[in-house]
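One-letter residues, chain by chain:
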Amino acid sequence: MPFFDNLRRNATAVRNAFVQPSTSPGDESLMEFLGIQTTGKRPQNDVTYYICLKKKAETLGSMPLKFYQKSEGKIETAKKDDMAVLLTERPNPYMTPATFWSSVSANLDHYGNAYVWVQQDFTRQKYGGSVKAKGLWIMPSNQVNLLVDDAGIFGTDGGLYYWYQDRYTGHSYIFDPDTVLHFKNFFTFDGYRGASVLELLRSTVDGQIAAQEYQNKLFKNGMTGKAVLNYTGELSDGAKRKLIAQFEEFGAGASNAGRIIPVPPGFKLEPIDFKLSDAQFLELKQYGALQLAAAFGIKPTQINDYSKSSYANSEQQQLAFLTETMLFPISQIEQELNYKCLTDPQRAAGFYYKFNDKVLLRTDSKTQTEIFAQKVDKGIATINECREL
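(A) Broad picture of the pairing of strand E3 (residues 74-77). The sheet contact formed by strand E2 (residues 65-71) and E3 spans four bridges and is antiparallel. Paired with glutamine 69 across the two strands is glutamate 76, which belongs to E3. Joining the antiparallel neighbours E2 and E3 is a turn of two residues, in which glutamate 72 adopts a positive phi near 55°.

In structure tokens:
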């Protein structure tokens, strides 16, 4: 077929046009096998990294997405079409909106990009046909490549396509950009692909993981540090190994904590006096955690560090978190939805999607009731609108 002949002739041009994704955990194993040094550790194992992902994912997942129409100066809740039902009620048979949006957030922060395939059904009619949105499916970000068609293979010179490789079936799919919702991290040089916090601050994340591993090993050894065994004379390599094994049998591990270590005559066991406080281990670990949290836009109090709390109440803290951390990803997602999930006539008629960020600013019941009463009395909101909040 002419299409596949053209594809084979231009294979080199296609490969050179890839915008490569970040290295996946599976790629790291291959790199280590080839002798290229990587940490091989999952960053999610670091508690600070995990809390940052969790906080932002749960925040986005807890905000309801609303479908509105602005007409003649009035903003009203719009009647939902097929796409609006998917986005606000059930993206696919296996996910609730909370699960869906939290997964989008996790991919966005961990990989720097989040991809959602819009499954569509085309109904052929006498003249043309109609397209119906059937489902929204998250594509794991480490299985998606961006393809710039600068060779004109797909008929669009310079067009952007998404190449998804399904790890479960081994099949590959190329999707048109109109059928993929692409959410990017704030940090991007080319505008095509976002960079993850992990890519930018790999050394900081690795340092936190290494500190936790050192602490774990210390506890595993019963808080017993290294020691020097002094003796006079010479020992063979076999005798040395046997002697070390005997000392470790009685002195190493948490199960040996507090036990007496037998030392043969003529030998002297001197522990190496190394204190965590001397190395400022705790201070360095806290500093690394604060730096990592700051990169995500997470406040110290949100990772349980209350030493420098500067907010008068939780509402002010949530407002700062909303405006300084969540506002950009929320705005970027809304802009992508309002461009790709609405038709031109819908946009012209004033339809749009918007997250209800007011759920983050809920106060105690008494204060919230007073605020709602004032809004209703002054005509700012209706009773039903206040109930939705």
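The discussion continues.
(B) Broad picture of the packing of aromatic side chains. The full count for this structure, using the stated rule, is 14 aromatic pairs. Taking 5.6 Å as the distance between ring centres and 20° as the angle between the ring planes, the aromatic pair formed by phenylalanine 67 and phenylalanine 351 counts as stacked. Of this pair, phenylalanine 67 sits in strand E2 while phenylalanine 351 is found in strand E12 (residues 351-355), placing the two residues 284 residues apart along the sequence. On the numbers, 5.4 Å between centres and 80° between planes, the contact of tryptophan 101 with phenylalanine 355 is edge-to-face. You can see tryptophan 101 sitting in helix H6 (residues 97-111) and its partner phenylalanine 355 sitting in strand E12, a full 254 residues away along the chain. Of the residues examined, tryptophan 101 reaches a relative accessible area of 1% and is grouped as buried. Residue classification places phenylalanine 355 among the buried positions, given a relative accessible area of 2%. Put simply, the rings of Phe100, Trp101, Phe183 and Phe355 touch in pairs and so form one group of aromatic residues.

(C) Representation of the nonpolar core in the model. Core analysis: the largest hydrophobic core is formed by 45 residues, its most contacted members being Leu87, Trp101, Phe183, Leu337 and Tyr353. Take this core: its biggest share by element is six residues, from helix H11 (residues 314-340). If we ignore the near neighbours within four places in the chain, the residues touching leucine 337 are Leu65, Leu87, Trp101, Leu181, Phe183, Leu342 and Tyr353.

(D) Summary view of the environment of glycine 112. Assignment of secondary structure puts glycine 112 in the loop between H6 and strand E4 (113-124). What glycine 112 contacts, discounting residues up to four positions off in sequence, is Asn107, Phe183, Lys184, Asn185, Gly194, Ala195 and Ser196.

(E) Summary view of the side chain of serine 196. Among the secondary structure elements, serine 196 is positioned in the loop between strand E9 (180-184) and helix H7 (197-200). Of the polar contacts made by the side chain of serine 196, one reaches the backbone oxygen of histidine 110; its length is 3.4 Å. Other than its neighbours up to four places away in sequence, serine 196 contacts Asp109, His110, Tyr111, Gly112 and Asn185.

(F) Just the packing of helix H4 (residues 47-62) against H6, in detail. Following both chains from N to C, one finds H4 and H6 inclined at 140°, their axes separated by 8 Å at the closest point. Considering the angle they form, H4 stands oblique to H6. The chirality of how H4 crosses H6 is right-handed. For the pair H4 and H6, contact is made by Tyr49, Leu53, Lys56, Ala57, Leu60 and Gly61 and by Ala98, Trp101, Ser102, Ser105, Ala106, Asp109 and His110, respectively. Classifying every residue of the contact of H4 with H6 gives seven nonpolar, four polar and two charged.

(G) Here's a closer look at the sheet that holds E4. The strand order across the open sheet built from three strands is E5-E4-E9, with neighbouring strands paired in antiparallel fashion. Each having just a single partner strand, strand E5 (129-139) and E9 make up the two edges of the open sheet. Adjacent strand axes in the sheet meet at a mean angle of 20° when their direction is disregarded. Note that E4 and E5 share 10 bridges and pair antiparallel. Within E5, the position partnered with phenylalanine 122 by the bridge is valine 131. Seen against the sheet, H6 touches E4, E5 and E9 and runs at an angle of roughly 135° to E4.

Rules and cut-offs
- Residues numbered from 1 in each chain as written.
- Predicted model: local features only at pLDDT ≥ 70, side-chain atom pairs only at ≥ 80, totals over all residues.
- Heavy atoms only, no water.
- Pairing = 2+ DSSP bridges.
- Helix = DSSP H or I, 4+ residues; strand = E, 2+ residues; numbered from the N terminus.
- Phe/Tyr/Trp six-rings, centres within 6.5 Å; stacked < 30°, edge-to-face > 60°.
- Buried < 20%, exposed > 50% of the residue type's maximum accessible area, 1.4 Å probe, protein only.
- Core = buried A, V, L, I, M, F, W, Y, C linked by side-chain atoms within 4.5 Å.
- Contact = heavy atoms within 4.5 Å.
- Polar contact = N/O pair within 3.5 Å; in protein donor to acceptor, adjacent residues only side chain to side chain.
- Axes fitted to C-alpha atoms, helices over the stretch in contact; angles between N-to-C directions.
- Parallel < 35°, antiparallel > 145°, perpendicular 65-115°, else oblique.
- Left-handed = near helix turned anticlockwise from the far one by under 90°.
- Nonpolar A, V, L, I, M, F, W, Y, C, P; charged D, E, K, R; others polar.

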